[in-house]
Amino acid sequence: MSEQVKRFIRVDHAGEYGAARIYAGQLAVLGRGVHAPVLQHMKDQEQVHLDTFASLIASRRVRPTVLLPLWSVAGFALGAVTAALGARAAMACTVAVEETIDEHYAAQEAELADDEAPLRATIATFRAEELEHRDIGLANEAELTPGYRVLTAVIKAGCKAAIRISERV
Ligand SMILES: [Fe+2]
Ligand SMILES: [Fe+2]
């Protein structure tokens, strides 16, 4: 297995871990509100994504990122803080995160060759669900969040930094 594929599995595992923590943070704040079912739906899908990459980490003997404890805290905090700003801000967070992951997964799909077709198919399936999450955010008035552009730009920059760091350490 190439170093590139190891890097992909490491960063995807980290990202799905962070995503599950973001929705956990949002549910901690909005878990009794009208958005709870849709947040739970997204969290459940992130858990499947995370479990899948956790299996790949084990079966393919990839070292996970050492930063999982950081992504646990940062992901939960991002979810909880945006949710505390309101449901629209939570949805804006979802749009920003899921758009970033969509780009990230699309780039990986383009780089994986046929000898990694199963992994490529897994990523394609998950990417479709990330886009569903983005659409849920848009359908729930994400763009009506005050400061939507700045908020999403900041979150996207944070996600991209987290991706770069998790590929390496
Ligand atoms: Fe995911
Ligand atoms: Fe997602």
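Throughout, residues of each chain are indexed from 1 in the direction in which the sequence is written. Chains carry letters and ligands carry numbers; both start at the beginning, A for chains and 1 for ligands, and go up in the order they are written. Residues qualify for local features only when their pLDDT is at least 70, as the model is predicted, and side-chain atom pairs are given and counted only at 80 or more; totals for whole chains, interfaces and linings, by contrast, use all residues. Side-chain measures were taken over the full set of non-hydrogen atoms in the model, leaving aside hydrogen atoms and water.

Caption draft 1: Spatial organisation of the coordination of the iron ion (ligand 2). Note on donors: an N, O or S atom is included if it sits within 2.8 Å of the metal, or within 3.2 Å for Na, K and Ca, and water is never included, so sites can look incomplete. The protein atoms donating to the iron ion (ligand 2) are Glu46 (OE), Glu98 (OE), Glu98 (OE), Glu130 (OE) and His133 (ND1), with metal-donor distances spanning 1.9 to 2.5 Å. One chain supplies every donor for the iron ion (ligand 2), spaced along it as E-x51-E-x31-E-x2-H. A separation of 3.7 Å is found between the iron ion (ligand 2) and the iron ion (ligand 1), both of which receive a donor from Glu46. Remark: His133 occurs in helix α5 (residues 117-139) and Glu46 occurs in helix α2 (residues 36-59); sequence separation between them is 87 residues. Each member of the pair, Glu46 as well as His133, carries the same accessibility label: buried. A helix here means a DSSP run of H or I that spans at least four residues, while a strand means a run of E at least two residues long, and both kinds are numbered starting from the N terminus. Think of it in three bands: residues with accessible area under 20% of the maximum for their type are buried, residues over 50% are exposed, and the middle band is partly exposed, with areas taken using a 1.4 Å probe on protein chains only.

Caption draft 2: Structural detail: the state of the cysteines. We call a pair of cysteine sulfur atoms a disulfide whenever their separation is within 2.5 Å. Inspection of the entire model under this criterion finds 0 disulfides. Among the cysteines around Cys93, which has no disulfide bond, Cys159 carries the closest sulfur, lying 7.2 Å off. By relative accessible area, Cys93 is classed as buried at 0%.

Caption draft 3: Here's a closer look at the pattern of salt bridges. We define a salt bridge as a contact between a side-chain nitrogen of Lys or Arg and a carboxyl oxygen of Asp or Glu at a distance within 4 Å. Following the criterion strictly, the structure yields 9 salt bridges and no others. Here Glu141 makes a salt bridge to Arg88, at a shortest N to O gap of 2.8 Å. In this pair, Glu141 sits in the loop between α5 and α6 (148-168) while Arg88 sits in helix α4 (residues 87-111), placing the two residues 53 residues apart along the sequence. Of the residues examined, Arg88 reaches a relative accessible area of 37% and is grouped as partly exposed. Across the pair Asp135 and Arg134 runs a salt bridge, and its minimum N-O distance is 2.9 Å. For Asp135, a relative accessible area of 37% translates into the label partly exposed. Overall, Arg134 belongs to the partly exposed group, its relative accessible area being 21%. One network of salt bridges, in which partners are shared, links Asp102, Glu109 and Arg127.

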